[in-house]
Amino acid sequence: TEVANDLPRPSEEYEWHAPYPVVTPAASILKCFWNYNEAWKFYQSFGADDDLIVRCRPDAFFHFCEVPKAKLAPHDFMSLWWERYGGVNDRLVFMGPRAAESAMTMITRIDSILAAGCPLHGESVPWAAVQLAGMRVRHELCAWLSLLRLNGDMVLPVHLINEKHP
């Protein structure tokens, strides 16, 4: 899919807000957020009214995933309990419908999110977007997954399988 010409292009100064190295180019992060918004529009075109929306990276290879037993509230954003590098992990998220809309449409509010002091980072912006919208972020999703690259390489998680769930 061709990325729209109207893709927001925030000032480069926002790339330097992060207190840690930003290894992903800003254009790649913005394209990802733009695609989330397009996916949300596609989802909405079906008149969907679901209690749970799951966003997952397409290159995720699951070793284990425990589905929450309790129903999520509409404003719940549940991310992985591990690897919160500057925000919320982007590999797997379970969301209530209000939280999903807030997270999936964050590109439409990118200027105000960055102006609030959030670094332009793939895990920081979603965290800030849902928090600024008044959603509840829960780092409780218990899953272990790797990333499976197109060339067949497997990128293992940085945490150990025997770490305890907080």
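Look above for the structure.
All values derive from a computational prediction rather than experimental measurement.

> Can you help me understand the nonpolar core in this one?
Proteins that are soluble and globular tend to have nonpolar side chains buried together. If you look at the biggest cluster of nonpolar residues, it comprises 29 residues, and the most contacted ones within it are Phe-33, Phe-77, Met-95, Leu-120 and Val-125. The set of elements that each furnish at least two residues to this core consists of helix 1 (26-44), strand 4 (92-95), helix 2 (97-104), helix 3 (110-115) and helix 4 (124-132). Among the elements that take part in this core, helix 1 stands out by supplying 7 residues, more than any other. Discounting residues that sit within four places of it in the chain, Val-125 has contacts with Phe-33, Met-106, Ile-110, Ile-113, Leu-114, Cys-118, Pro-119 and Leu-120. One finds Met-78, Trp-81, Phe-94 and Leu-145 within the second-largest nonpolar core, a separate group that totals 12 residues.

> Whenever I open this one, the pattern of salt bridges confuses me. Can you help?
Two side chains of opposite charge can pair, provided their charged atoms sit close to one another. What the rule picks out here adds up to 7 salt bridges. Note that Lys-71 is salt-bridged to Asp-51, the shortest N-O span being 3.4 Å. Of this pair, Lys-71 sits in the loop between strand 2 (60-66) and strand 3 (76-80) while Asp-51 sits in the loop between helix 1 and strand 1 (53-56), and the two are 20 residues apart along the sequence. With relative accessibility at 47%, the residue Asp-51 sits in the partly exposed group. A salt bridge links Arg-136 to Asp-76; its shortest N-O distance comes to 2.5 Å. Placement of the pair is Arg-136 in strand 5 (residues 136-148) and Asp-76 in strand 3, with a sequence separation of 60 residues. Of the residues examined, Arg-136 reaches a relative accessible area of 41% and is grouped as partly exposed.

> Just to check I follow, could you spell out the pairing of strand 5 for this structure?
The side chains of a regular strand alternate, residue by residue, between the two faces of the sheet. Judged from the 6 bridges that link them, strand 2 and strand 5 form a sheet pairing that is antiparallel. In the sheet register, Ala-60 faces strand 5, and the bridge partner there is Leu-147. As paired strands, strand 3 and strand 5 are joined by 5 bridges and run parallel to one another. Bridge assignment links Phe-77 to a residue of strand 5, and that residue is Val-137. Where strand 5 meets strand 6 (residues 154-155), 2 bridges bridge the pair, whose relative direction is antiparallel. Within the sheet, the bridge partner assigned to Leu-147 lies in strand 6 and is Val-155. Joining the antiparallel neighbours strand 5 and strand 6 is a turn of 5 residues, in which Gly-152 adopts a positive phi near 95°.

Conventions and cut-offs
- Residues numbered from 1 in each chain as written.
- Predicted model: local features only at pLDDT ≥ 70, side-chain atom pairs only at ≥ 80, totals over all residues.
- Heavy atoms only, no water.
- Core = buried A, V, L, I, M, F, W, Y, C linked by side-chain atoms within 4.5 Å.
- Buried < 20%, exposed > 50% of the residue type's maximum accessible area, 1.4 Å probe, protein only.
- Helix = DSSP H or I, 4+ residues; strand = E, 2+ residues; numbered from the N terminus.
- Contact = heavy atoms within 4.5 Å.
- Salt bridge = Lys/Arg side-chain N within 4 Å of Asp/Glu carboxyl O.
- Pairing = 2+ DSSP bridges.

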